[in-house]
Amino acid sequence: MTPPPPPADWAQQLLAFWFDAHGFDDWYGGGPDFDAEVRALAAGWHDALRSEPASSFLTDRDTALAAAILFDQVPRNIYRDHADAFATDDLARAVARAMVERGWDRDVAEDRRQFVYLPFEHSEDIADQRESLRLMAQLADPRSLEYAQKHFDIIDRFGRFPHRNAALGRASRPDEEAAIEEGKNW
């Protein structure tokens, strides 16, 4: 069954929800209640739009930013602890990469810009991790760079995020167990 198309103003609704109605504590420390709010608002949009090419979200900066959030952050809330949480990472990264290439990221308010860069930080590719470090270093909030460095260190050490192993059906190697415990906060 094909999901219904999202409303024409889905991007504006998502940005208002994400940035006006919520903030840092929800984004990085939210729990079941925030996940339920995200699911109620955006799960259908995610399902309806996930098969679209990245280029379809590059009509303007705000739509691209909303798409980066829709395909990187939203699935982490609506599919927590499931492989589907990472299924649209490539699409989020393609949108984010295009935003950076076009310079659109520089026109995004700093408190929002981290969401353009997070798709690189969430990648298990070391080149994307290097790009995350470069981009996050541009932000004034030292927490952004600190977490980017932590993500880089894990990929540099293991070549993957061990805390995703259970969700992705991957067996954890013995040396990954400690990293899984350390990484539970992100």
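In the block above lies the structure referred to throughout.
In this text, all values refer to a predicted model and were calculated from it rather than measured experimentally.

## Observations regarding the packing of helix 5 (residues 89-102) against helix 7 (residues 126-136)
Contact geometry for helix 5 and helix 7: axes closest at 13 Å, N-to-C directions at 45°. Classified by the angle their axes make, helix 5 and helix 7 are oblique. Like other packed secondary-structure pairs, helix 5 and helix 7 cross with a definite hand, here left-handed. On helix 7, the residues that touch Arg93, Arg97 and Val100 of helix 5 are Asp128, Glu131, Arg134 and Leu135.

## Observations regarding the side chain of Asp35
Locating Asp35 in the fold gives a position in helix 3 (residues 32-49). Exposure remark for Asp35: the relative accessible area of 6% places this residue in the buried category. Among the polar contacts made by the side chain of Asp35, one reaches the side chain of Arg80 at a distance of 2.6 Å. Leave out the neighbours within four places in its chain, and Asp35 touches Asn77 and Arg80.

## Quick look at the environment of Asp105
Position of Asp105 relative to the elements: it lies in the loop between helix 5 and helix 6 (110-121). The spacing of Asp105 and Phe115 is ten residues in sequence and 9.6 Å in space, taken between C-alpha atoms. Each residue touching Asp105, except ones within four places of it in the same chain, is listed here: Met99, Val100, Arg113, Val116, Tyr117, Leu135 and Gln138. Here Tyr117 takes part through its side chain, which lies 2.6 Å from a polar atom of the side chain of Asp105.

## Some points on helix 5
In a regular helix each residue adds 1.5 Å, so 14 residues correspond to 20 Å; helix 5 covers 20 Å between its end C-alpha atoms and thus fits that length. For helix 5, the complete set of buried residues consists of Asp89, Leu91, Ala92, Arg93, Val95, Ala96, Ala98, Met99 and Val100. Those residues of helix 5 that are buried are in contact with helix 3, helix 4 (61-78), helix 6 and helix 7. At the C-terminal side of helix 5, Gly103 shows a positive phi close to 80°.

## Focus on the pattern of salt bridges
Scanning all chains against the criterion turns up 14 salt bridges. Residues Asp62 and Arg61 are paired through a salt bridge, measuring 3.2 Å at the closest nitrogen-oxygen approach. For Asp62, a relative accessible area of 32% puts it in the partly exposed group. What makes Arg61 partly exposed here is its relative accessible area of 30%. With a closest N to O distance of 3.4 Å, Arg76 and Asp72 form a salt bridge. Separated by four residues within a single helix, Arg76 and Asp72 lie in helix 4, roughly one turn from each other. Neither residue differs from the other here; Arg76 and Asp72 are each classed as buried. In this structure, a network of salt bridges that share partners links the residues Asp90, Arg93, Arg97 and Asp128.

## Things to note about the nonpolar core
Grouped together as the largest cluster of nonpolar side chains are 50 residues, with contacts concentrated most on Trp10, Leu14, Trp18, Leu65, Ile69, Leu70 and Val95. Where this core is concerned, the elements lending two or more residues are helix 1 (10-20), helix 3, helix 4, helix 5, helix 6, helix 7 and helix 8 (142-158). For this core, the element with the highest residue contribution is helix 4, accounting for ten residues. Trp18 has contacts with Gly23, Trp27, Phe34, Val38, Ile69, Gln73, Asn77 and Phe115, leaving out every residue within four places of it along the chain. Core analysis: the second largest hydrophobic core is formed by five residues, Ile155, Phe158, Phe161 and Ala179 among them.

Conventions and cut-offs
Residues numbered from 1 in each chain as written. Predicted model: local features only at pLDDT ≥ 70, side-chain atom pairs only at ≥ 80, totals over all residues. Heavy atoms only, no water. Axes fitted to C-alpha atoms, helices over the stretch in contact; angles between N-to-C directions. Helix = DSSP H or I, 4+ residues; strand = E, 2+ residues; numbered from the N terminus. Parallel < 35°, antiparallel > 145°, perpendicular 65-115°, else oblique. Left-handed = near helix turned anticlockwise from the far one by under 90°. Contact = heavy atoms within 4.5 Å. Buried < 20%, exposed > 50% of the residue type's maximum accessible area, 1.4 Å probe, protein only. Polar contact = N/O pair within 3.5 Å; in protein donor to acceptor, adjacent residues only side chain to side chain. Expected span 1.5 Å × (residues − 1). Salt bridge = Lys/Arg side-chain N within 4 Å of Asp/Glu carboxyl O. Core = buried A, V, L, I, M, F, W, Y, C linked by side-chain atoms within 4.5 Å.

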